[in-house]
There are 4 protein chains.
Amino acid sequence: MPDTLGAAVIGLGMMGQRHARVWAELPGTRLAAVYDVNADLAAEQAAAYDLSPAASLEEALSAPGVDLVSVCTDDRYHLEPCMAAARAGKQVLVEKPLALNLADADAIIAACDQAGVTLMVGHVVRFDPRYQAAKQAIDAGEVGDVIHVYGRRNNILASGKRIGGRASVAFFLGSHDLDLMRWFIGAEAVRVYAESSRKALADIGADDTIYTLLKYDNGAVGCLETCWAIPEGVPNTLDARLEVVGTAGRVAVRVGDESLEVAGHDRARRPDIAYGPVVCDLQHGALRTQLEHFADCVRTGRPPLITPTDARAAVELCVAVHQSLDTGQPVVLR
Amino acid sequence: MPDTLGAAVIGLGMMGQRHARVWAELPGTRLAAVYDVNADLAAEQAAAYDLSPAASLEEALSAPGVDLVSVCTDDRYHLEPCMAAARAGKQVLVEKPLALNLADADAIIAACDQAGVTLMVGHVVRFDPRYQAAKQAIDAGEVGDVIHVYGRRNNILASGKRIGGRASVAFFLGSHDLDLMRWFIGAEAVRVYAESSRKALADIGADDTIYTLLKYDNGAVGCLETCWAIPEGVPNTLDARLEVVGTAGRVAVRVGDESLEVAGHDRARRPDIAYGPVVCDLQHGALRTQLEHFADCVRTGRPPLITPTDARAAVELCVAVHQSLDTGQPVVLR
Amino acid sequence: MPDTLGAAVIGLGMMGQRHARVWAELPGTRLAAVYDVNADLAAEQAAAYDLSPAASLEEALSAPGVDLVSVCTDDRYHLEPCMAAARAGKQVLVEKPLALNLADADAIIAACDQAGVTLMVGHVVRFDPRYQAAKQAIDAGEVGDVIHVYGRRNNILASGKRIGGRASVAFFLGSHDLDLMRWFIGAEAVRVYAESSRKALADIGADDTIYTLLKYDNGAVGCLETCWAIPEGVPNTLDARLEVVGTAGRVAVRVGDESLEVAGHDRARRPDIAYGPVVCDLQHGALRTQLEHFADCVRTGRPPLITPTDARAAVELCVAVHQSLDTGQPVVLR
Amino acid sequence: MPDTLGAAVIGLGMMGQRHARVWAELPGTRLAAVYDVNADLAAEQAAAYDLSPAASLEEALSAPGVDLVSVCTDDRYHLEPCMAAARAGKQVLVEKPLALNLADADAIIAACDQAGVTLMVGHVVRFDPRYQAAKQAIDAGEVGDVIHVYGRRNNILASGKRIGGRASVAFFLGSHDLDLMRWFIGAEAVRVYAESSRKALADIGADDTIYTLLKYDNGAVGCLETCWAIPEGVPNTLDARLEVVGTAGRVAVRVGDESLEVAGHDRARRPDIAYGPVVCDLQHGALRTQLEHFADCVRTGRPPLITPTDARAAVELCVAVHQSLDTGQPVVLR
């Protein structure tokens, strides 16, 4: 590998723009190419980094010095850029969820495997220091035999309105915690049951809230709450929890009552300080850490924190959630 | 009704002792008789109030000046004292849950109805000002069309060890919130599914945690978490929540990060200040408010906040939870 | 004393209206007379309770069946109604602070003493179960030798705008905690120093914030923050704290992140559930408890929780705060 | 400057060990030398990084490839290594506070200035994303004209016992927030008054708590609470706050009720996730960010976030605190 890794970013929405900025700012990496189906957006982002926008996916992948690729396209369109990147022998970092069905997930995994390139899916919450420290406490035995795990990932309604037409709340929010719950407790779900409600987003055909119960192969029970219809007036746009209770103790991550509050005469808000804060004019937080980690894995060959198996499991669980909603029955997984 | 209402308390465990104290302290009521199958306990409590302990349930009910009866026996033994009190024409206040099965619940309701006496079940959380104010906000339209309701009632392991042999966590803790959720959203559950875990209390044959999903007849979805195996080292012995999210807003009650914390050099704790605090040497809090309310209903004839229909519904839901756990299938209620 | 105590309420602003309602609702008391210099307000309140409004202070005090008097006039005008009530032999409950200077405070205390009537000042926070339980923990030795005590009582700007022309933030808010801090730690201040800031309320000649440092005769140090210019957009209108740290432990009351939150699409708020919540259509909370306590003291002759000495000490400390602000120097008290 | 900056770490206590690890882990820097007066400690740390321990300060500074120096010695002993580093032409990063008196502070500043090397003092909290985002909100006008600023930095008693013999709580904890308050509100203190209490640490001659009031040249008032005698049983070892209230709004950072809690059957604790968490086996958090920033300033020549003037101001304020404690009078600064 060269001293400085070159990155191409495919898909330049909010997440793609953050990837681009971090690749440009990190010591040891540089932004080498950007591409988006929206040519104006691509031009604008390219200009910000003194690049020429790529005219096609292929052009971006074959730009000089591209070692790795950030796939940040809409969740529905991960397959093509991931397959192309693998074929081009580029290391692949793709936004979560890996895919919206198992066929696509398996195809991407196989392609990367065959091409001998590293594949990591950006389950970014794993790089949040709170979840890292929680995982360390669990691994140190502070929970003991796991009794239950409760996850929550709720967003304000603006999130549901923005994404609801493109992915379900289970795939968009739930995939984070279905992965985290499995990572934390080191067990596989054997039974999945879900219930949902559809009111605020009924007009766009999306569920507002999905509750999922999971029975794990270690006897533990899990519950996941995902809602993207929280009223806009709450101080924090994200309300997330992950609590593991066991025979020896409880490890709880609670995101939402953040330590920073800004209030005016009309309302109060709690800005994000975990995922994308700017510190001394640089993009910091868990996304930056994730990209640093991926670059380090590419450089050193060590396996990424999120393996293809992990990423596939998250997709499998989301699929099971929807199968349960469709049938009204628990889904037996193994 | 006489100016001062006389109360008999049947069952003198922790809750019975609190009933006794409040009846003795409230303006307008007095403690007239106490009874427990444990004669020593009865003697001790009677002595504290300058009474003679009743030698039997019947003797307590027929003591001079008894107008109303607090039934605070073990959850398994509500039937006999309630039936006897109704037959004796006494007003009946019975601790929640009304019964552990629908046959007992129906028998008690019928007996009180026939005797023309008031029956109220002590779903005490309804008298907590936080839940009262939440209900008022919901009734004022601040939630809109209900999307979901999340309830939680978790206790430390000591609670599971103490009660686990006598009632399930669904009946002991869940009956509170199954009632509150129904009260808050004004809808009936049509489908109930539950999953459980049994580890810390496996030796006494009790579930540690039960998760319940509910689908309501207004399209809303509900989730209830009940666990009585929380590690003892947490600052608060009770962790309870009731959050209602709707198209117009969210009303959330969060009990646990209480406003009072006492810390020493070994650990921190948050004493109860909602249900049984002592203020100026008198028992205060929601239990006192509940007893005041019951006395007021008896005096004025107005209907109690918790009707027999409400109390029966809580029992029905607990029964459905266990049916789902037994069958592994969702239970369709109506 | 008669079985049912009759109360006259003098001054029918927000607090007076609450006193009136509680006297009307409490078992064992009744509302016997109301008076306000604003005749329309008096007529309106009287009508709500099927009374005729008194045409004068004297008429209210001499109304049939008046045993006790709630003085709820503007803080500047406590002297006249208290003196008149004492002369008329009525028991006196007066809103805090007792007076805005020591001469008035001493005159009222002397008059009540001479008349042999009970005088209690409504330092209502003492009746909040959180502060009661905190005091119990301190008295039980859980703090040990007191190192420091931090008090805070902050209100939103609307409060400063409403009251700022009539009393200072030290008298209006600070008198609560100067009393509570002294009650909690059982020590007298020997030195007082204060600093203030005046911006949002400069146009009405009032300080926005006053910070006060106190050195106590037991070696402990205290700090009090009072501000009534908090931006209106915060969820809770009151942000109060009382934290006592000692060699053995810490007892902390934190009011503000209340357990009830109501959020809409524009903002979130935390309704009061401690001082004036309505439960089952009755006024509940600390104010009701305070009035119950005062009625009980009148009935039984036991001394009220807040003695005239306590009430005077709060006035003395507020006076010292202003003396320090005026001179820029610490004020030595004893 | 070379591509990879070499760092020497002088003083290998807790902070020095963290500096060493970060210099060793950061892309673009390497650990080139370590030194401590405790030779065993130096040998141990050197071995961990495959280095030979320096036998003297001079040897460390003249080790091959040393570009910059982290001075992490005891707060009392910053002068000598800073002066030596400046003389040797090395860039100087020194732990806060710069010095315990103004003479030392001025000498170090002059030496670095004369040598033309960058001097930055590690006021690490400035690199915490919460404080960075707070500063950004203030700079964006969300506070308006500042009314008051409240700072708190409290540690458990273990901290006071460990450091109390070497520095005061004002220098050790207070210097952080005296700097932050000044940075946040962009004003200079004109008057300082302090009160203290000494009980738990009386035997080692240290104050437990110091309260400081500050009047600023923009009319705002400030209050700082510093205590290092908090009982050990609290869940979080650090309780810190910085709240700025102004005519337009409030920006509040509250550190302590952290989002991660670990509870066992004996007690609960909240691990640090802000200053020194380990993420994917690497040292992360604000200290790493601070070192990255310093390396970036050295590389690019841009001025560090904390200037010598800032660092001197923090020392000046700590000195004024002690002068006020000594005289019992407010200290006028300008």
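Residues numbered from 1 in each chain as written. Chains lettered and ligands numbered in written order. Predicted model: local features only at pLDDT ≥ 70, side-chain atom pairs only at ≥ 80, totals over all residues. Heavy atoms only, no water.

Novice: Any chance you could explain helix H10 (residues 308–327) of chain B here in plain terms?
Specialist: Quick reminder: α-helices carry 3.6 residues per turn. Residues three or four places apart thus point the same way. All names here are of chain B. Across its 20 residues, H10 extends 29 Å between first and last C-alpha, which sits within 8% of the 28 Å expected from 1.5 Å per residue. For H10, the complete set of buried residues consists of Asp-310, Ala-311, Ala-313, Ala-314, Val-315, Glu-316, Leu-317, Cys-318, Ala-320, Val-321 and Ser-324. Looking at the buried side of H10, the elements it contacts are helix H5 (102–115), strand S5 (119–122), helix H8 (169–185), strand S7 (189–197), strand S8 (209–216) and strand S16 (331–332). Positive backbone phi, at 70 degrees, marks Gly-328, one or two positions downstream of H10. (Helix = DSSP H or I, 4+ residues; strand = E, 2+ residues; numbered from the N terminus. Expected span 1.5 Å × (residues − 1). Buried < 20%, exposed > 50% of the residue type's maximum accessible area, 1.4 Å probe, protein only. Contact = heavy atoms within 4.5 Å.)

Novice: Where do I start with the interface of chain D and chain C in this structure?
Specialist: As a measure of interface size, the accessible area lost when the parts come together is often cited. Contacts between the two partners involve 43 residues from chain D, matched on the other side by 45 residues from chain C. Buried area between chain D and chain C, both sides added, is near 3,400 Å², and the carbon and sulfur share of it is 58%. For the pair chain D and chain C, the interface holds eight salt bridges. For Arg-191 of chain C, the salt bridge identified is with Glu-195 of chain D, shortest N-O distance 2.7 Å. Of all elements in the fold, only strand S6 (146–156), strand S7 (189–197), strand S8 (209–216), strand S9 (221–230) and strand S10 (238–246) of chain D reach the threshold of two or more residues within the side of chain D that touches chain C. In terms of residue count, the dominant contributor to the side of chain D that touches chain C is S9 of chain D (seven residues). Per-class residue counts for the side of chain D that touches chain C are 19 nonpolar, 12 polar and 12 charged. (Buried area = accessible area lost by both parts, 1.4 Å probe. Salt bridge = Lys/Arg side-chain N within 4 Å of Asp/Glu carboxyl O. Nonpolar A, V, L, I, M, F, W, Y, C, P; charged D, E, K, R; others polar.)

Novice: Explain the packing of aromatic side chains here, please?
Specialist: The way to describe two aromatic rings as a pair is by their centre distance and the angle between their planes. Per the counting criterion, the structure on display carries 16 aromatic pairs over all chains. Ring geometry for Tyr-193 of chain A and Tyr-193 of chain B: centres 3.8 Å apart, planes at 20 degrees, overall stacked. Taken together, the residues Tyr-193 of chain A in strand S7 (residues 189–197) and Tyr-193 of chain B in strand S7 connect one chain to another. Classification of Tyr-193 of chain A by relative accessible area gives buried; the value is 1%. A centroid spacing of 5.6 Å and a plane angle of 45 degrees characterise the contact between Trp-183 of chain C and Phe-184 of chain C, whose relative ring orientation is tilted. (Phe/Tyr/Trp six-rings, centres within 6.5 Å; stacked < 30°, edge-to-face > 60°.)

Novice: When you look at the environment of Tyr-77 of chain B in this model, what are you seeing that I'm missing?
Specialist: All names here are of chain B. Among the structural elements, Tyr-77 can be located in the loop between strand S3 (68–71) and helix H4 (79–87). For Tyr-77, a relative accessible area of 49% gives the class partly exposed. A C-alpha to C-alpha distance of 23 Å links Tyr-77 and Cys-227, two positions 150 residues apart in sequence.

Novice: When you look at the packing of helix H1 (residues 14–25) of chain A against helix H9 (residues 286–300) of chain A in this model, what are you seeing that I'm missing?
Specialist: For any two helices packed against each other, the geometry comes down to the angle between their axes and how far apart the axes lie. All names here are of chain A. Put simply, H1 and H9 touch, their axes get as near as 10 Å, and they point 60 degrees apart. By the angle between their axes, H1 is oblique relative to H9. By crossing handedness, the relation of H1 to H9 is classed as right-handed. Residue-level contacts link Met-15, Arg-18, His-19, Val-22 and Trp-23 of H1 to Leu-287, Arg-288, Gln-290, Leu-291, Phe-294 and Ala-295 of H9. In terms of residue class, the contact of H1 with H9 is made up of seven nonpolar, two polar and two charged. (Axes fitted to C-alpha atoms, helices over the stretch in contact; angles between N-to-C directions. Parallel < 35°, antiparallel > 145°, perpendicular 65-115°, else oblique. Left-handed = near helix turned anticlockwise from the far one by under 90°.)

Novice: What's the story with the interface of chain B and chain A in this structure? I'm lost.
Specialist: Taken together, the 45 residues of chain B in the interface contact 44 residues of chain A. Where chain B abuts chain A, roughly 3,400 Å² becomes buried across the two surfaces, and 58% of that area is made up of carbon and sulfur atoms. Across the contact surface, chain B and chain A share eight salt bridges. Grouping the constituent residues of the side of chain B that touches chain A by class yields 20 nonpolar, 13 polar and 12 charged.

Novice: What is the right way to look at the relation of the copies chain D and chain C in this model?
Specialist: One copy of the chain maps onto the other through a rotation about an axis plus a displacement along that axis. Take chain D, turn it by 180 degrees, move it 0.0 Å along the axis, and it overlays chain C with an RMSD of 0.0 Å. Taken together, the turn and the small shift mark the pair as related by a two-fold rotation axis. Within chain D, Gln-329 of chain D has its C-alpha nearest the rotation axis, a separation of 3.5 Å. Of the interface residues in chain D, 100% have counterparts in chain C that sit at the interface too, so the contact is made through matching surfaces. (Least-squares fit on C-alpha atoms with pLDDT ≥ 70 in both.)

Novice: How do you make sense of the nonpolar core when you look at a structure like this?
Specialist: Nonpolar side chains in soluble globular proteins tend to be buried together. Counting 121 residues, the largest nonpolar core has Trp-23, Val-92, Leu-98, Tyr-131, Phe-184, Ile-185 and Tyr-216 of chain D as the members making the most contacts within it. Contacts of Tyr-131 of chain D, omitting those with residues within four sequence positions, involve Val-125, Arg-153, Leu-180, Trp-183, Phe-184, Ala-240, Leu-242, Val-253, Val-255 and Tyr-275 of chain D. Counting 120 residues, the second-largest nonpolar core is a separate cluster that includes Val-34, Ala-54, Leu-157 and Leu-178 of chain B. (Core = buried A, V, L, I, M, F, W, Y, C linked by side-chain atoms within 4.5 Å.)

Novice: What is the right way to look at the packing of helix H4 (residues 79–87) of chain D against helix H5 (residues 102–115) of chain D in this model?
Specialist: All names here are of chain D. Two elements in contact, H4 and H5, have axes separated by 9 Å at closest approach and are oriented at 10 degrees. Comparing their axes, H5 and H4 come out roughly parallel. Residues Leu-79, Cys-82, Met-83 and Ala-86 of H4 form the contact with H5, whose own contacting residues are Asp-104, Ala-107, Ile-108, Ala-111, Cys-112 and Ala-115. Looking at the contact of H4 with H5 residue by residue, the classes come out as nine nonpolar, no polar and one charged.

Novice: Would you explain the sheet that holds strand S5 (residues 119–122) of chain C in this entry?
Specialist: Whether parallel or antiparallel, the strands of a sheet pair through hydrogen bonds between backbone atoms. Residue and element names in this part refer to chain C. Taking strand neighbours across the sheet as the criterion, the five strands line up as S2-S1-S3-S4-S5 in an open arrangement whose pairing is parallel. Where the open sheet ends on each side, the last strands, each with one partner, are strand S2 (29–35) and S5. For this sheet the average axis-to-axis angle between neighbouring strands, irrespective of direction, equals 20 degrees. Note that strand S3 (residues 68–71) and strand S4 (residues 91–95) share four bridges and pair parallel. The residue of S4 that forms the bridge with Val-69 is Val-92. Across the face of the sheet, helix H4 (residues 79–87) comes into contact with strand S1 (5–10), S3 and S4 while running at roughly 170 degrees to S4. (Pairing = 2+ DSSP bridges.)

Novice: What exactly am I supposed to notice about the relation of the copies chain B and chain A here?
Specialist: Structural alignment of chain B on chain A gives an RMSD of 0.0 Å, achieved by rotating through 180 degrees and translating 0.0 Å along the axis. Of the residues that chain B buries at the interface, 98% are likewise interface residues in chain A, meaning the two copies contact each other through the same surface.

Novice: Help me out: how do you make sense of the pairing of strand S9 (residues 221–230) of chain B in this one?
Specialist: Where a strand is regular, its side chains alternate between the two sheet faces. All names here are of chain B. Extensive coverage of S9 is indicated by the burial of 10 of its 10 residues. Sheet topology places strand S6 (residues 146–156) next to S9; eight bridges connect them, and they run parallel. From the neighbouring strand, His-148 faces S9, where its bridge partner is Val-221. Pairing geometry for S8 and S9, over seven bridges, is antiparallel.

Novice: Which parts of the structure should I look at to understand the side chain of Asp-177 of chain D?
Specialist: Inspection of the secondary structure puts Asp-177 of chain D in helix H8 (residues 169–185). When near neighbours in sequence (up to four residues on either side) are disregarded, Asp-177 of chain D contacts Arg-152, Arg-153, Leu-224 and Arg-241 of chain D.

Novice: Got a minute to help me understand the pairing of S8 of chain D in this structure?
Specialist: All names here are of chain D. With eight of its eight residues buried, S8 lies for the most part within the structure. Side-chain alternation along S8 places Thr-209, Tyr-211, Leu-213 and Lys-215 on one buried face and Ile-210, Thr-212, Leu-214 and Tyr-216 on a second face that is also buried. With eight bridges connecting them, S7 and S8 associate as antiparallel partners. Bridging from a neighbouring strand, Val-192 pairs with Leu-214 of S8. Joining the antiparallel neighbours S8 and S9 is a turn of four residues, in which Gly-219 adopts a positive phi near 90 degrees.

Novice: Any chance you could explain helix H1 (residues 14–25) of chain B here in plain terms?
Specialist: Here H1 of chain B is 12 residues long and its end C-alpha atoms lie 17 Å apart, about the 16 Å a rise of 1.5 Å per residue gives. Looking at the buried positions of H1 of chain B, the neighbouring elements they touch are strand S1 (5–10), strand S2 (29–35), S3, strand S4 (91–95), strand S15 (282–283) and helix H9 (286–300) of chain B.

Novice: Got a minute to help me understand the sheet that holds S7 of chain A in this structure?
Specialist: The mixed open sheet is built from nine strands, whose spatial order is S16(A)-S7(A)-S8(A)-S9(A)-S6(A)-S10(A)-S11(A)-S12(D)-S13(D). In this open sheet, the two edge strands, each paired with only one partner strand, are strand S16 (331–332) of chain A together with strand S13 (268–269) of chain D. Running over the sheet, helix H6 (residues 129–139) of chain A touches strand S6 (146–156), strand S10 (238–246) and strand S11 (250–255) of chain A together with strand S12 (260–263) of chain D and is turned about 175 degrees from S11 of chain A. Across the face of the sheet, helix H8 (residues 169–185) of chain A comes into contact with S6, strand S8 (209–216), strand S9 (221–230) and S10 of chain A while running at roughly 150 degrees to S9 of chain A.

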